[in-house]
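What follows is each chain in one-letter form.
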Amino acid sequence: MLSTADEPTDAAERSAAPNGGTDATPAAILPDGAPDPVVPFVELERELRLVIRKAQSAGAGIAKRVHPELEASAYPLLAHIAQFPGTRGSDLATFFGVGRATVSRQLSRLAALGLVHREVDPEDSRGQRITLTPDGEARFERARASRIVLFESALAHWNPNDVAQLAELLHRYSADIAAWQGSHN
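Residues numbered from 1 in each chain as written. Predicted model: local features only at pLDDT ≥ 70, side-chain atom pairs only at ≥ 80, totals over all residues. Heavy atoms only, no water.

With that settled, the discussion passes to the sheet that holds strand β2 (residues 116–121). One open sheet accounts for three strands, arranged β1-β3-β2; its pairing is antiparallel. Each edge of the open sheet carries a strand with a single partner, namely β1 (87–88) and β2. One ladder, built from two bridges, connects β1 with strand β3 (residues 124–132); its direction is antiparallel. Within the sheet, the bridge partner assigned to Arg 88 lies in β3 and is Arg 129. Along the sheet, helix α5 (residues 100–112) makes contact with β2 and β3, crossing β2 at roughly 120 degrees. (Pairing = 2+ DSSP bridges. Helix = DSSP H or I, 4+ residues; strand = E, 2+ residues; numbered from the N terminus. Contact = heavy atoms within 4.5 Å. Axes fitted to C-alpha atoms, helices over the stretch in contact; angles between N-to-C directions.)

Printed below as a string of structure tokens:
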């Protein structure tokens, strides 16, 4: 994880903005007077970097809400299993872009904590279908609900349509990045 010295805070980035603005990257103008089309991608990279850093920082806390011994990297696995009960380990590995051995180790840990149940896939005896246990489901839902309350509180001053638009844009971003990665591997 990056320290504050390595990564400027939002306030530091804003204070670095020209003319006291809220963007650290000025809108560059090309010699013909047109805006530089690269600038939005520079801004996107910066904002996503900050979102990822903040999500990583919060990850350990949300994982601990599920189970005191849960690693931060396991929460997204639980969320995916909750959304797609009966998913296979190979599907998780593909979705998250990690090796099957990595997912297998994480699933073994989740099973040892009593959060997931694995059973032989009736369609392919070499695979396993993974579901949350009743305890795993209850713990995950409590943590998820507390996270939603956090978002509601932090963004209470936002118009609900803006929240919906952000969710839609993030969904489009994720789908397009995944499609691009799939076509370039």
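Still to come is the rest of the account.
Among the nonpolar cores identified, the biggest contains 21 residues, and Leu 70, Leu 78 and Leu 110 are the most heavily contacted of them. Where this core is concerned, the elements lending two or more residues are α2 (39–66), α3 (74–83), α4 (89–96), α5, β3 and α6 (134–154). Tallying contributions element by element places α3 first for this core, with five residues. For Leu 110, the contacting residues outside a window of four places in its chain are Leu 70, Ala 74, Leu 77, Leu 78, Leu 115 and Val 116. (Core = buried A, V, L, I, M, F, W, Y, C linked by side-chain atoms within 4.5 Å. Buried < 20%, exposed > 50% of the residue type's maximum accessible area, 1.4 Å probe, protein only.)

Looking now at the pattern of salt bridges. Taken as a whole and judged by the stated rule, the model has 10 salt bridges. Note that Asp 135 is salt-bridged to Arg 139, the shortest N-O span being 3.0 Å. Residue Asp 135 and its partner Arg 139 are located together in helix α6, separated by four residues, close to a single helical turn. By relative accessible area, Asp 135 is classed as partly exposed at 38%. The class for Arg 139 is partly exposed, based on a relative accessible area of 21%. One network of salt bridges, in which partners are shared, links Arg 88, Asp 121, Glu 123, Asp 124, Arg 126 and Arg 129. (Salt bridge = Lys/Arg side-chain N within 4 Å of Asp/Glu carboxyl O.)

For the rest of this paragraph, the subject is the packing of α3 against α4. Between α3 and α4, whose axes approach to 11 Å, the crossing angle comes to 120 degrees. Put simply, α3 runs oblique to α4. For α3 against α4, the interelement crossing comes out right-handed. From α3, Pro 76, Leu 77, His 80 and Ile 81 reach across to α4, where they touch Leu 92, Phe 95 and Phe 96. Within the contact of α3 with α4, the residues separate by chemical class into six nonpolar, one polar and no charged. (Parallel < 35°, antiparallel > 145°, perpendicular 65-115°, else oblique. Left-handed = near helix turned anticlockwise from the far one by under 90°. Nonpolar A, V, L, I, M, F, W, Y, C, P; charged D, E, K, R; others polar.)

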